[in-house]
2 protein chains.
Amino acid sequence: MILTSKNNPLIKETAALKDKKGRKEHGLFLVEGRKMLAECQKSDFVIERIFLSESYSGELPQSNAETVRVSDDVFRFLSDEKTPQGALCRVRIPTRGLQAPQGKCLLLDGVSDPGNVGAIVRTANAAGYREIYLTETCADPYSPKSVRASMSGLFFTKLYFGTRQDIFSALDGTPIIAADMGGENAFSFQSPETFALAIGNEANGISAETFERAQYTVKIPMRETQESLNAAVSAGILMYLLNRTEFEK
Amino acid sequence: MILTSKNNPLIKETAALKDKKGRKEHGLFLVEGRKMLAECQKSDFVIERIFLSESYSGELPQSNAETVRVSDDVFRFLSDEKTPQGALCRVRIPTRGLQAPQGKCLLLDGVSDPGNVGAIVRTANAAGYREIYLTETCADPYSPKSVRASMSGLFFTKLYFGTRQDIFSALDGTPIIAADMGGENAFSFQSPETFALAIGNEANGISAETFERAQYTVKIPMRETQESLNAAVSAGILMYLLNRTEFEK
């Protein structure tokens, strides 16, 4: 059977997952594209349902999840891509209470661009930062745009959400290193064994509360004609520099 | 006098600069926002004309360029921003023939996302890569989206355009270091004094021609669950790592 109506309750519910309200209500988010779906299957994430377009002719995903065929028109309605590949799935949002980190971790302090949040999650997974704490002022990492930018990094990191105070409590005993233009040169800075690297908002930087709580501040040195870097770029440079003893081996 | 018609020839010509065709025809591009305009004024770039919206109430730019007031409606027509600030200008695109680099430089080999091109230009200026060579397959760095993402880095770097072969000729004698997942660990790689760091296309990486021509390849080491990084993020990490002797001082 092929679902052809946008008014079908399952289709309406699935389309609602493109918005934060719908994701919160159903505890699900969307993962789109054959490759992302395959990466998701390798992870601990639970795929709840798979949608394939009528004209999808790629390999069929091996999964216990129910697979639903929909018309190309309905697929476009569910998709967030300009040129949909014809495969997407609904995935459960993990629920976990705030916990202390196991190793080097990241604190996103109001990073508001969904593309930046996704790119940071992608780099965090690559650079060995497995826990990411996000303040409530961050863009939602489960939005279609963030998920796409995270390129499967989302499936292999642990995200924690909370107010700044809740996050500070979970990080009790873990030094915070704030990325700030007034900080120490990151190239000469000697990182402690474990820490939380804090990345601030694109326009306003680190919040006053996080700045107050931070034990260290580090900067990326720059030519004087450039004031700042893109948030995802500076997060990437700092994650690698502060973990360099791991990579120089 | 306040221009209120979108059919005014000056307004039509200016709006056409949002597209590559219009920029090529007139040799001009658009710079938007008070801060970007101020940065542009500090550089060698020539501001040809300034446009302020009727309701613009910020500081008036000090400039010899003619200033034109336009209705808010016409300003929105010229603007590429969701919430226009009311100030933009037309700037001359520098014309320069391909030349050899003076120091460490960048080769963008088919970077196709305008946001990535802009963010890379921004980081290049910060990290001391003053010359950027772009193949014809790259996104146009003078598009409104790229200019915005470059955050004034565009005004303090030199951009060169050409076919790969023309660029290779200009780089004759300069070793090319290609960013590639099969390369040497960038953390242990010893860079030559001068070089061109090549960054490939988001989906396909370095082209066969550039790969063939490159003397070295370097990679950013990654956890095995992550295959790749965002192009602007990896360019940023590599630019800083390969120039680290400069920053460790």
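The numbers attached to residues start from 1 for each chain and follow its sequence in the written order. Here the convention is simple: chains get letters from A, ligands get numbers from 1, in the order in which they are written. Where local features are concerned, this predicted model is filtered to residues with pLDDT of at least 70; where side-chain atom pairs are given and counted, the filter is 80 or more; whole-chain, interface and lining totals use all residues. To obtain the side-chain values, all non-hydrogen atoms of the structure were used and water was disregarded.

Asker: Outline unusual backbone geometry, supporting the account with residue identities and numerical values.
Answerer: Residues and elements named next belong to chain A. Its identity is not glycine, yet Met151 carries a phi of approximately 45 degrees, on the positive side. Think of it this way: any DSSP run of H or I at least four residues long counts as a helix, any run of E at least two long counts as a strand, and we number them from the N terminus. Take Met151: it is sitting in the loop between α6 (144–150) and β8 (158–162). Accessible area is worked out with a 1.4 Å probe on protein chains only. A residue is then buried under 20% of its type maximum, exposed over 50%, and partly exposed in between. Judged by its relative accessible area of 34%, Met151 falls in the partly exposed class.

Asker: Tell me about the sheet that holds strand β11 (residues 216–219) of chain B, residues and numbers included.
Answerer: All names here are of chain B. Paired strands, as defined in this entry, are two strands with at least two bridges between them according to DSSP. Read across the sheet, six strands follow the order β8-β7-β6-β10-β9-β11 without closing on themselves; strand pairing throughout is parallel. Of all the strands in the sheet, the pair left with one neighbour each is β8 (158–162) and β11. Averaged over all adjacent pairs, the angle separating strand axes in this sheet is 35 degrees, with direction ignored. Pairing of strand β9 (residues 176–185) with strand β10 (residues 196–200), which is carried by three bridges, proceeds in the parallel orientation. Each bridged residue has a counterpart across the sheet, and for Ile177 the counterpart in β10 is Leu197. Fitting a line to C-alpha atoms yields each axis, with helices limited to the stretch in contact; the angle taken between N-to-C directions then spans 0 to 180 degrees.

Asker: Now, about a positive patch on the surface: what can you tell me, with residues and values included?
Answerer: Each patch is built from salt-bridge-free residues with over 30% relative accessible area, joining like charges within 9 Å and nonpolar side chains (Val, Leu, Ile, Met, Phe, Trp, Tyr) within 5 Å. Using a 1.4 Å probe, the Shrake-Rupley method yields the accessible areas, and only the shown protein chains count as cover for residues. Any Lys or Arg side-chain nitrogen located within 4 Å of an Asp or Glu carboxyl oxygen qualifies as a salt bridge. The sign given to each residue is positive for Lys and Arg and negative for Asp and Glu; His and the chain ends receive no count. One atom stands in for each charge, and that atom is NZ of Lys, CZ of Arg, CG of Asp or CD of Glu. On the surface, a cluster of positive charge is contributed by Lys82(A), Lys145(A), Lys82(B) and Lys145(B). Tracing the backbone through its elements, the reader meets Lys145(A) in helix α6.

Asker: Hey, could you go over the packing of aromatic side chains for me, with residue numbers and the actual values?
Answerer: The rule is short: rings of Phe, Tyr and Trp, with Trp giving its six-membered ring, pair when the centres are within 6.5 Å, and they are stacked under 30 degrees, edge-to-face over 60, tilted in between. The full count for this structure, using the stated rule, is 20 aromatic pairs over all chains. Where Phe29(B) meets Phe45(B), the ring centres are 6.1 Å apart and the plane angle is 85 degrees; that geometry is what we call edge-to-face. Linking Phe29(B) in strand β2 (residues 28–32) with Phe45(B) in the loop between α3 (34–42) and β3 (47–53), this pair joins segments that are 16 residues apart in sequence. Accessibility expressed as a relative area gives 0% for Phe29(B), which makes it buried. Feature note: the residues Phe29(A), Phe45(A), Tyr142(A), Phe155(A) and Phe161(A) constitute an aromatic cluster, connected by ring pairs. If you follow Arg96(A) out to its NZ or CZ, it ends over the ring of Tyr160(A), 5.8 Å from the centre. Either the NZ atom of lysine or the CZ atom of arginine qualifies as a charge over a ring when it sits within 6 Å of the ring centre and within 35 degrees of the ring normal.

Asker: Run through the interface of chain A and chain B, naming residues and quoting values.
Answerer: We call two residues in contact whenever any of their non-hydrogen atoms come within 4.5 Å of each other. Contact residues are listed per partner, giving 36 residues for chain A and 36 residues for chain B. Buried area, as used here, totals the accessible surface that two parts lose on assembly, with accessibility defined by a 1.4 Å probe and the loss added over both. Note on chain A versus chain B: buried area summed over both sides is about 3000 Å², and carbon and sulfur give 54% of it. On inspection of chain A and its partner chain B, the count reaches two salt bridges. Whenever a nitrogen or oxygen atom comes within 3.5 Å of another N or O atom, the pair is scored as a polar contact, on the condition that within protein one atom can donate a hydrogen and the other can accept it, and that pairs from neighbouring residues in sequence are kept only if both atoms are in side chains. Summed over the shared surface of chain A and chain B, the result is 23 residue pairs in polar contact (both at pLDDT 80 or more). Secondary structure elements with two or more residues in the side of chain A that touches chain B: α3 (34–42), α5 (114–127), α9 (231–242) and α10 (244–247) of chain A. The leading source of residues in the side of chain A that touches chain B is α9(A), at six residues. For the side of chain A that touches chain B, a count of residues per class yields 15 nonpolar, 12 polar and nine charged. All amino acids are sorted into three groups, where Ala, Val, Leu, Ile, Met, Phe, Trp, Tyr, Cys and Pro are nonpolar, Asp, Glu, Lys and Arg are charged, and the leftover types, Gly among them, are polar.

Asker: Break down the relation of the copies chain A and chain B for me, citing the residues and quoting the values.
Answerer: Turning one copy of the chain about an axis and sliding it along that axis gives the other copy, so a rotation and a shift relate them. For the pair chain A and chain B, the best superposition has an RMSD of 0.0 Å and corresponds to a rotation of 180 degrees with a translation of 0.0 Å parallel to the axis. In short, the pair behaves as if placed about a two-fold rotation axis. A share of 100% of the interface residues of chain A reappears at the interface of chain B, consistent with the copies meeting face to face through the same patch. When the copies are superposed, the least-squares fit draws on C-alpha atoms of residues that have pLDDT of at least 70 in both.

Asker: Outline the packing of α9(A) against helix α9 (residues 231–242) of chain B, supporting the account with residue identities and numerical values.
Answerer: α9(B) packs onto α9(A) with a crossing angle of 50 degrees between their chain directions and a minimal axis gap of 8 Å. Here α9(B) runs oblique to α9(A), going by the angle between their axes. Considering the relative orientation of α9(A) and α9(B), their crossing is right-handed. The residues of α9(B) that touch α9(A), namely those facing Ala232(A), Val233(A), Gly236(A), Ile237(A), Tyr240(A) and Leu241(A), are Ala232(B), Val233(B), Gly236(B), Ile237(B), Tyr240(B) and Leu241(B). Grouping the amino acids of the contact of α9(A) with α9(B) by side-chain chemistry returns 10 nonpolar, two polar and no charged. Geometric relationships in this document are graded by angle, where less than 35 degrees denotes roughly parallel, more than 145 denotes roughly antiparallel, 65 to 115 denotes roughly perpendicular, and other angles denote oblique. Here is the rule for handedness: rotate from the far helix to the near one, and if that takes an anticlockwise turn smaller than a right angle the crossing is left-handed, while a clockwise turn gives right-handed.

Asker: Report on the pattern of salt bridges, specifying residues and quantitative values.
Answerer: With the rule as written, the count across this model stands at 26 salt bridges over all chains. The salt bridge partner of Arg49(A) is Glu48(A), with a shortest N-O separation of 3.4 Å. Residue classification places Arg49(A) among the buried residues on the basis of a relative accessible area of 18%. In this structure, the salt-bridge partner of Asp109(B) is Arg164(B), at a minimum N-O distance of 2.6 Å. Taken as a pair, Asp109(B) in strand β6 (residues 105–109) and Arg164(B) in helix α7 (residues 164–170) lie far apart in primary sequence, 55 residues in all. One network of salt bridges, with partners in common, ties together Glu13(A), Glu48(A), Arg49(A), Glu66(A) and Arg90(A).

Asker: Residues and numbers for helix α5 (residues 114–127) of chain B, please.
Answerer: A turn of α-helix holds 3.6 residues, and therefore any two residues three or four places apart point the same way. All names here are of chain B. To estimate the expected span of a helix, subtract one from its residue number and multiply by 1.5 Å. Compared with an ideal rise of 1.5 Å per residue, which puts 14 residues at 20 Å, α5 spans 20 Å between its outermost C-alpha atoms and is within 8% of the ideal. With 13 of 14 residues buried, α5 lies mostly within the body of the structure. Positive backbone phi, at 85 degrees, marks Gly128, one or two positions downstream of α5.

Asker: Outline the nonpolar core, supporting the account with residue identities and numerical values.
Answerer: To define a nonpolar core, start from buried Ala, Val, Leu, Ile, Met, Phe, Trp, Tyr and Cys residues and group those joined through side-chain atoms within 4.5 Å. Grouped together as the largest cluster of nonpolar side chains are 113 residues, with contacts concentrated most on Tyr240(A), Phe29(B) and Tyr240(B). In contact with Tyr240(B), other than residues within four places in its own chain, are Phe187(A), Ile220(A), Pro221(A), Met222(A), Leu229(A), Ile237(A), Thr123(B), Ala126(B), Ala127(B) and Phe247(B).

Asker: Could you give an account of the environment of Asn201(B), with specific residues and numbers?
Answerer: Residues and elements named next belong to chain B. For Asn201, the position within the fold is in the loop between β10 and α8 (208–213). Residue Asn201 is classed as buried on the basis of its relative accessible area of 18%. Among all residues touching Asn201, those that are not within four sequence positions of it are Asp109, Gly110, Val111, Ser112 and Ile206. There is a polar contact of 2.8 Å between the side chain of Asn201 and the backbone nitrogen of Ala203.

Without other data, these values stay purely geometric and don't point to any function.
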